[in-house]
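# Analysis of the macromolecular model
Each chain, written out:
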Amino acid sequence: MIEQTLRIMTVAALLVGSSCTQDPAPTLSALPSDNLQIESFNVRNSEIRQDIINELLSREIEHWVNEDNSISFYSRDAERVDAIGFAAIGAYAARN
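### Considering the overall build of the chain
Along the chain, the regular secondary structure elements total three helices and four strands. Ordered by position from the N terminus, the helices and strands of the chain form the series α-β-β-α-β-β-α. Taking the intrachain contacts of the chain between residues at least 6 apart in sequence as the baseline, contacts between residues at least 24 apart amount to 59%. Summed over its atoms, the accessible surface of the chain is roughly 5800 Å², and 52% of this surface lies on carbon and sulfur atoms.

### A word on the nonpolar core
Formed by 14 residues in total, the largest nonpolar core has its most connected members in Phe41, Ile48, Ile52, Leu56 and Val81. Going through the elements one at a time, helix H2 (46–58), strand S4 (71–74) and helix H3 (78–95) are the ones with two or more residues in this core. If one sorts the elements of this core by residue count, H3 sits on top with five residues. Ignoring sequence-local partners within four residues, the contact set of Ile52 consists of Phe41, Val43, Ile84, Gly85 and Ala88.

### Examining the packing of H2 against H3
The interhelical angle for the contact between H2 and H3, taken along N-to-C directions, is 140°, at an axis separation of 9 Å. Between H2 and H3, the crossing angle belongs to the class labelled oblique. You can see that H2 and H3 cross each other, and the crossing is right-handed. Residues Glu47, Ile48, Asp51, Ile52, Glu55 and Leu56 of H2 lie in contact with H3, whose contacting residues are Val81, Ile84, Gly85, Ala88, Ile89, Tyr92 and Arg95. Grouping the constituent residues of the contact of H2 with H3 by class yields eight nonpolar, one polar and four charged.

### As for the pairing of S4
The side-chain alternation of S4 yields two buried faces, one formed by Ile71 and Phe73 and the other by Ser72 and Tyr74. One ladder, built from three bridges, connects strand S3 (residues 63–65) with S4; its direction is antiparallel. Paired with Trp64 across the bridge in S4 is Ser72. Connecting S3 to the antiparallel partner S4 that follows it, the hairpin turn spans five residues, and Asn69 within it adopts a positive phi of roughly 75°.

So, how was this worked out
Residues numbered from 1 in each chain as written. Predicted model: local features only at pLDDT ≥ 70, side-chain atom pairs only at ≥ 80, totals over all residues. Heavy atoms only, no water. Helix = DSSP H or I, 4+ residues; strand = E, 2+ residues; numbered from the N terminus. Contact = heavy atoms within 4.5 Å. Areas by Shrake-Rupley, 256 points an atom, 1.4 Å probe, with all protein chains shown as cover. Core = buried A, V, L, I, M, F, W, Y, C linked by side-chain atoms within 4.5 Å. Buried < 20%, exposed > 50% of the residue type's maximum accessible area, 1.4 Å probe, protein only. Axes fitted to C-alpha atoms, helices over the stretch in contact; angles between N-to-C directions. Parallel < 35°, antiparallel > 145°, perpendicular 65-115°, else oblique. Left-handed = near helix turned anticlockwise from the far one by under 90°. Nonpolar A, V, L, I, M, F, W, Y, C, P; charged D, E, K, R; others polar. Pairing = 2+ DSSP bridges.

It is worth stressing that arrangement in space is one thing and function is another; only the former is reported here.
Given below as structure tokens:
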């Protein structure tokens, strides 16, 4: 699943100048009780970024913005986050 997410985010990076990174391992005190993996991505295009954040909020997908402005989420939501990202990129392409 992580490999698929990275592949999808790489394609997005080529299309709109995004980049995909993986967060360093959190400290033990920051680990969720069920030790879920954390993934993150960075979107440089402000319109696409805002569309993604709005959709994450509307679907109640747990996420957070890091100090480097990347967006992190739990791996369990990777497929839904991928779908949101593709939809946001498609909507942006259709508008422009």
